[in-house]
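What the coordinates show
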Amino acid sequence: MHKKALKNLIRVMTLVLAFVMLLSLAACGSKSTSPAAAAPDAQASGAETKNAAAPITITFPTLFVGENSMAPWFSTVLARFNAEYGDQIHVQIEEIPGDQAYLDKMKILLASGDLPDVIFGINIMDLAVQQNAYVDLTPYLDADPAWKATISEAGLEFNSRNGKVYGIPSSVNYIGYFYNKELFAKAGIDAPAETWDEFWANCDKLKAAGITPMSQQTGEDAWTTMLLFSALVGTDGEAGNKFMNTVNPTDYNIPEVINAFAKIKDVLQNYTTADAIGGGYENAAVAFETEQTAMMFNGTWMISEFNDPGKTADGFAAKIGAAAFPNGIISTPNIGYSVGSKDKEHADAAVTFIKFITSLDSQELLLTMGGVLPESPALDLSDDVVAQQPILAELLQSGNKVQYQFMDYQMAWYTNTLDVLGTELSSLYYDLITPEELAQMMTEAALKNLG
Amino acid sequence: MNGILNQRNKKWAGAFLAPATTLFIVVYLIPFSIVIATAFTHWKNFSALSFVGLGNFKELAEDPRFRKAFVNTMIWVLLQSTIHVALGTALALILAHKPLGWRLVRTSYLFPNIISSAALGLMFLNIFNPQMGIINEILSKFSSETVRINWYSDPKTAFFTVTSSWLLYAGYVMLLVYGARISMPETLYEAAMIDGASKRQFDFYIALPCIKGAIGAGTILSATSMLKEFDLIYMTTQGGPGSITLNLPYYVYKTSMLELNFGYANAIGVVLILLGTLFIILINRLFRMDTAEE
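Residues numbered from 1 in each chain as written. Chains lettered and ligands numbered in written order. Predicted model: local features only at pLDDT ≥ 70, side-chain atom pairs only at ≥ 80, totals over all residues. Heavy atoms only, no water.

The subject of this paragraph is the overall build of chain A. Regarding its fold elements, chain A presents 21 helices and 12 strands. In terms of overall size, chain A behaves like a compact globule, its C-alpha atoms giving a radius of gyration of 25 Å where 451 residues would be expected to give roughly 22 Å. With respect to the principal axes defined by its C-alpha atoms, chain A has extents near 95 × 55 × 45 Å. A buried classification covers 57% of the 451 residues belonging to chain A. Sequence separation of at least 24 residues holds for 76% of the intrachain contacts in chain A that already meet a minimum separation of 6. With the model as given, the accessible surface of chain A reaches about 18500 Å², and the carbon-plus-sulfur share is 54%. (Helix = DSSP H or I, 4+ residues; strand = E, 2+ residues; numbered from the N terminus. Rg over C-alpha atoms; globule rule 2.2 N^0.38 Å. Buried < 20%, exposed > 50% of the residue type's maximum accessible area, 1.4 Å probe, protein only. Contact = heavy atoms within 4.5 Å. Areas by Shrake-Rupley, 256 points an atom, 1.4 Å probe, with all protein chains shown as cover.)

What follows is the structure, given as structure tokens:
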């Protein structure tokens, strides 16, 4: 009798186990129950989502974590949002350090139809809009003219496709380069160059003084190197400037680009550190912040690192100046925060969060904490505010004198072209390929996006 | 009640197997089938699928990057199945004789295999850093000039450097073979010693044939590990410079994630599946792993 009871128990447990496992399979499946990117009606002004029961949870993968220079700002803003809206909206954060890792993750989620509620500033807008995966934010903006007025026309246009707004920007990219005043003085350089001839002459002076002129990186997305490239092309006459202001270019076989690649090869071979070849952003940043190099091309968000005792020595920030490129500067709106929610309730909550994180207060905080230029024309950049950021003030002053402005290539180019740079700039350095061949590779990579 | 499973018990056997079978079908078989089916389609940039027959495979045959990735992968499979396995086996046989410090060696040799490959990749990047890496520092001591070899980016050294990231660290093979070796009856060893065999003769003529199953298993694991090696390449060279260190798994990643060419990526996946199956069959035959030991 006892054996029979045991046998029956085992049989029942087997069935229960099978049922539980099948349930878990069902739970792993898609949660989608409504069409993607359902456009909310105009009544939804993005105001507080009322939910008397539990707060609604929205998902926000973010790269503002760890050592990212915007991490302290984000922590502060998130805490403020939770204090004000925590009983209504719970923001579920997923930490994804690294730009490339973030981009890869968002692409995977886009491909699987599982975008999070809030996505930050990466160049998948064309694909997402094509897949009807982004929520059209135009009705939210139209329902709240006061909010819309805080966003620049250029920012809205940059984040629009087919006349609809899909992203809300909170900052602009304003990029030149940082330089070490002490090292400059040691090499007998009084001020940053205003022409390219002066710039290269300064590099030679630095070399003669035993100082490596600049940080570079050919690995990862070759960010710092490509900023210099962008400047070389963007200031090379009207044709070069037009190229650097083109979104998704497909023909890199122009003299301005080829000449710039040739100059980059010269820079990599003669004006930078040995670990720039194949090295990533960290190699370039460490070289500059430990005063091995005199110049570093990067955006204003790096300013907060100059006062970080974990990254730089005491008094480092006081040695640093900022300048526009000779006769040019990267000045471009950013791709902003987008909404990937699949239902109206989550979309409303996501818009509430985005409104908060892109508010004038948040943008001003980003300026004072991170040195990032705010997007909103409504924000008065008073002398007091800018005076708190002398490095930024110097960059603004320098940038006001230049003739050419051009876009951030990462925001403007097809993402697979960035991968070509990461592997082929080393080939250029080692003479495996010519500048012409590299330009052709970029063209071929870009054309793959056209099907 | 003939046979082990009567009709009633068969139903219960089926019930026991159902969860695992269902999981296998849902998690492996269905995605596996989708990969194979979509390898014959044009599926790019989230466009609708269109059947193209062998179009993707023809394109693969003409793709210089695929050919380079294929050759690199084959070289690594060959090296891993031979040198890597030989190293692990040799060390296992030596450790089985319990020389001085054998416990320390057995444990420490496993370290590279138990560290996450992302961390390992970062470690190697710093070790081989041209500016401040320890390898160049040591070489500089023996040279009149400062050595600044860019191990991972110089086309002359990149392939060798990437290969060295995994070739020498045969901890798992060592463990497998060691386990098989110490499971052998001690009487075999005693009999061999009585007959006047040396330790090396015992290892070569008696131990190796007895443990060939474990060596074969280690060879399969090593060979197939090269068909999925991604982490270390992603962390160090991303397949560069050019395509010098590109392998098939990393090329799948590039074509799917960066170029959003899913049909083409799945075609590469099919090639990988076929290669894996082929290697398993070959290694099984080579080590006669399907036949009973005499």
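Interface extent is often summarised as the accessible area lost during association of the parts. Taken together, the contact between chain B and chain A spans 36 residues of the former and 37 residues of the latter. Between chain B and chain A lies a buried interface of about 3200 Å² when both sides are counted; carbon and sulfur atoms form 60% of it. Considering only the side of chain B, the residues that lose the most area to chain A are W12(B), F46(B) and L258(B), jointly responsible for 20% of the buried surface there. For D419(A), the salt bridge is made with K254(B), and the minimal N-O distance between the two is 3.0 Å. In this structure, the connection of chain B to chain A is made through 13 residue pairs in polar contact (both at pLDDT 80 or more). Of all elements in the fold, only α1 (7-38) and α14 (248-258) of chain B reach the threshold of two or more residues within the side of chain B that touches chain A. (Buried area = accessible area lost by both parts, 1.4 Å probe. Salt bridge = Lys/Arg side-chain N within 4 Å of Asp/Glu carboxyl O. Polar contact = N/O pair within 3.5 Å; in protein donor to acceptor, adjacent residues only side chain to side chain.)

Looking now at the pairing of strand β1 (residues 56-62) of chain A. All names here are of chain A. Where burial is concerned, most of β1 is hidden: five out of the seven residues are buried. Across seven bridges, the pairing between β1 and strand β2 (residues 89-95) is parallel. Along β2, the bridge assignment pairs I56 with I89. The parallel pair β1 and β2 is bridged by helix α2 (residues 71-85), and the resulting crossover is right-handed. (Pairing = 2+ DSSP bridges. Right-handed = clockwise from strand over helix to strand, strands pointing away.)

The next subject is the confidence of the model for chain B. When pLDDT is averaged along chain B, the result is 90; 96% of the residues meet or exceed 70. Across the interface, the model reports ipTM at 0.78; the global pTM reads 0.83. (pLDDT = per-residue confidence, 0-100.)

A word on the side chain of S362(A). Residues and elements named next belong to chain A. Tracing the chain through its elements places S362 in helix α16 (residues 360-370). Judged by relative accessible area, S362 falls into the buried class, the value being 4%. Dropping the residues within four chain positions of it, S362 is found in contact with W73, V77, F356 and I357.

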